[in-house]
Amino acid sequence: MTSILQIFILIPIVGFIISLLIPQKKESVLSWAAFSTVGVHLISFIVFLVYWLLHGHETLNLKEIVLFKSKDYEFLIDFCFDKITVVYLLVGAFLTFLVTIYSRYYLHREKGYKRFFNTILFFYVGYNVAILAGNFETLFIGWEILGISSFLLIAFYRDRYLPVKNAIKVFSVYRIGDIGLILAMWASHHLWHENITFLKLSNYELVHEHLQSHSFTGVFISIMILVAAAVKSAQLPFSSWLPRAMEGPTPSSAIFYGSLSVHLGVFLLVRTFPFWEHQISVRFLIALLGLSTSIIASLIARVQSSVKSQIAYASVAQIGLIFIEVAAGFENLALFHFAGNAFLRTYQLLVSPSVVSYMIREQFYNFVPRQHTIEDSFPKKVEYSIYVMSLKEWNLDLFMDYIVWKPLKNVGRKLDFLTVNKLLLLFIPTYFIGLLLLYNQENLAEQLHEYLPGLFSLIGFIMVLKSYSERKSPRMSWLLIIMNHFWIALAISFNEHFKAEEVIFYLSGIVIMGTLGYFTLRKLTAIEKVLDLNRFHGHVYEHPRFAMMFLVSCLGLTGFPITSTFIGEDLIFSHIHEDQVFLAFFISSSFIIGGISVVRLYARIFLGPHIKTYHEVAYKSS
């Protein structure tokens, strides 16, 4: 029975590949391929579900394939099937099927018709991988696919300023969640000394035995899981990304931010519940986060002038309540609440264009006086303060800007004196010195040997900060990200058991994709003459092949699961010692900020209003 689980991954993959091969002008064939793929997937799942229920409905676990194995490390693909999987797959398949049918007519004659259905099927692949995942590593593959497909759908109207700008903003916040998941995986490697499966996490004796002697590590893993879940489900203080994500087409807003993707944080908490079930402080923290988010999101939703933003914040408020239910241990209620919220928000978003047109007409003929609300019973000063703060969305955007993004940019701008030539002159000799120290590490003082990994990872971290804040040269920004990976490899090489073969395995994807991306930028610069990062250039219109090549290069450089670097990143964290917290922080932050820099490069060069005035240009506010 377990071998059948492969089918639920293969069907979306096959459908996605077929959609890539269909010509752009064949609208009916494209839409037919999309909803046929999801329809076949839904029917096959229902048949399997009936069979599973009739045969005892036991939890299924399939160790699919070992992608990499060394003496102390194993990267395996693992799938799990239980009642949590059933609810999320059933809701996901049914809603995606409805949305693909709806989109067939809604997006008729849109320029990006093929691109939309390609991305929806790509999202559906990631969703199924994440929901069927039996361990953190498999979950992270689906997690990353959802992140990049989300970026592509928000920036669907790529000739406009705001969709592209908001796509970068949403992706940047998503990467914060990735830090949480990466650090949770790192700490779990040290806690279990293996790639633990979710099935083993359900073993109370095993979990209790390990947490008795590693209580701090257990709390750390739980908090990192909460950070990842809070970001993905738009809980405080990350709530402001969700209405920004509504810039994409209405069907994608419905399937992503109304129903499925936004509930993935809830899925992560429910899936890992047996691990943090007996950590009372963590349960209290989750409930407190959910409660505060529900209250603030409800207030913000009531003053929104946009129907999509109102639905977004209403959904966030409900997810906050689901967080409370999960923390309280009401798993079945949380799953039922997820299904109800997903169906309701999908319906609301799909009918929102019709509702808006109806309301505009209705307000001219039927005046309805303002209804009395609970806020009217407050003192006027308090009522007005709450109203103004809700209008400003409680300054959540400003908070994230001042706490996270501005400090990073300020540090990066201190390195504005660097040019490409200066960078190479500085990097090559310094890296050569690092290699000499590595070669002679047996002769180094013990204290120096202890601090060198942190020092080299800090140099790499500074390089990605400079890449993140770079505004002049795209090529220098690209080189800085590549160099960061080399510094990370050097830093980890000072830890024992990290072999040269593993370094090559990690850096091979970086070298290939980095070279491809660099020559794409060089060729584009030769054609266009001027290429900077001060504005959006929109070169995807005149250079679609370059745009595709550079997008693939970006995905490879960020550790997306298309090269060996994806496994290499997890392999690197398995060699970071439990007491090397700063090393883990610098390396994980380098991966995350480097990913943001790469996506910003792609967006600035290839997306947005075209720099040449003979192309149509949309208003910034459109």
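Before any of the text, the structure's been laid out above.
Here is what the cut-offs are and how they apply
- Residues numbered from 1 in each chain as written.
- Predicted model: local features only at pLDDT ≥ 70, side-chain atom pairs only at ≥ 80, totals over all residues.
- Heavy atoms only, no water.
- Helix = DSSP H or I, 4+ residues; strand = E, 2+ residues; numbered from the N terminus.
- Rg over C-alpha atoms; globule rule 2.2 N^0.38 Å.
- Buried < 20%, exposed > 50% of the residue type's maximum accessible area, 1.4 Å probe, protein only.
- Contact = heavy atoms within 4.5 Å.
- Areas by Shrake-Rupley, 256 points an atom, 1.4 Å probe, with all protein chains shown as cover.
- Salt bridge = Lys/Arg side-chain N within 4 Å of Asp/Glu carboxyl O.
- Axes fitted to C-alpha atoms, helices over the stretch in contact; angles between N-to-C directions.
- Parallel < 35°, antiparallel > 145°, perpendicular 65-115°, else oblique.
- Polar contact = N/O pair within 3.5 Å; in protein donor to acceptor, adjacent residues only side chain to side chain.

1. Quick word on the overall build of the protein chain
Part 1 of the argument: Helices and strands together make up the secondary structure of the protein chain, namely 25 helices and 2 strands.
Part 2 of the argument: Here the protein chain has a C-alpha radius of gyration of 25 Å; the compact-globule value for 622 residues is 25 Å, and the two agree.
Part 3 of the argument: Considered along the principal axes of its C-alpha atoms, the protein chain spans approximately 85 × 65 × 60 Å.
Part 4 of the argument: Of all 622 residues assigned to the protein chain, the portion counted as buried reaches 58%.
Part 5 of the argument: When contacts within the protein chain are restricted to residue pairs at least 6 apart in sequence, long-range pairs at least 24 apart make up 80% of them.
Part 6 of the argument: Here the protein chain displays about 27200 Å² of accessible surface, and carbon together with sulfur accounts for 66% of that area.

2. Describing the environment of Glu542
Part 1 of the argument: On the secondary structure map, Glu542 appears in the loop between helix H22 (500–528) and helix H23 (544–557).
Part 2 of the argument: With relative accessibility at 27%, the residue Glu542 sits in the partly exposed group.
Part 3 of the argument: Placed 68 residues apart in sequence, Glu542 and His610 show a C-alpha to C-alpha distance of 9.5 Å.

3. So, the side chain of Asn484
Part 1 of the argument: Mapping Asn484 onto the fold places it in helix H21 (residues 474–493).
Part 2 of the argument: Given the relative accessible area of 1%, Asn484 is considered buried.
Part 3 of the argument: Ignoring anything within four residues of it in the chain, the contact list for Asn484 reads Gly460, Phe461, Met463, Val464 and Ser590.

4. Some points on the pattern of salt bridges
Part 1 of the argument: Tallying each qualifying case throughout the model produces 8 salt bridges.
Part 2 of the argument: Ionic pairing is found between Asp397 and Lys169, a salt bridge with its closest N-O pair at 3.8 Å. Here Asp397, found in helix H18 (residues 396–413), pairs with Lys169, found in helix H6 (residues 161–192); they are 228 residues apart in sequence, far enough to count as distant.
Part 3 of the argument: You can call Lys169 partly exposed: its relative accessible area is 29%.
Part 4 of the argument: Connected via shared salt-bridge partners are Lys169, Arg244, Glu393 and Asp397.

5. Quick notes on the packing of helix H3 (residues 83–106) against helix H12 (residues 264–271)
Part 1 of the argument: Contact pair H3 / H12: the axes reach a minimum separation of 11 Å and the direction vectors enclose 170°. Relative to H12, the element H3 lies roughly antiparallel. Where H3 abuts H12, its residues Ile84, Thr85 and Tyr88 lie against Val266, Phe267, Val270 and Arg271.

6. Topic: the side chain of Ser149
Part 1 of the argument: With respect to the element layout, Ser149 can be found in helix H5 (residues 136–154).
Part 2 of the argument: Within the structure, Ser149 has its side chain in polar contact with the backbone oxygen of Ile145 (distance 2.8 Å).
Part 3 of the argument: Beyond its immediate stretch of four places on either side in the chain, Ser149 contacts Thr119, Phe122, Phe123 and Phe256.

In short, shape yes, function no, at least from these values alone.
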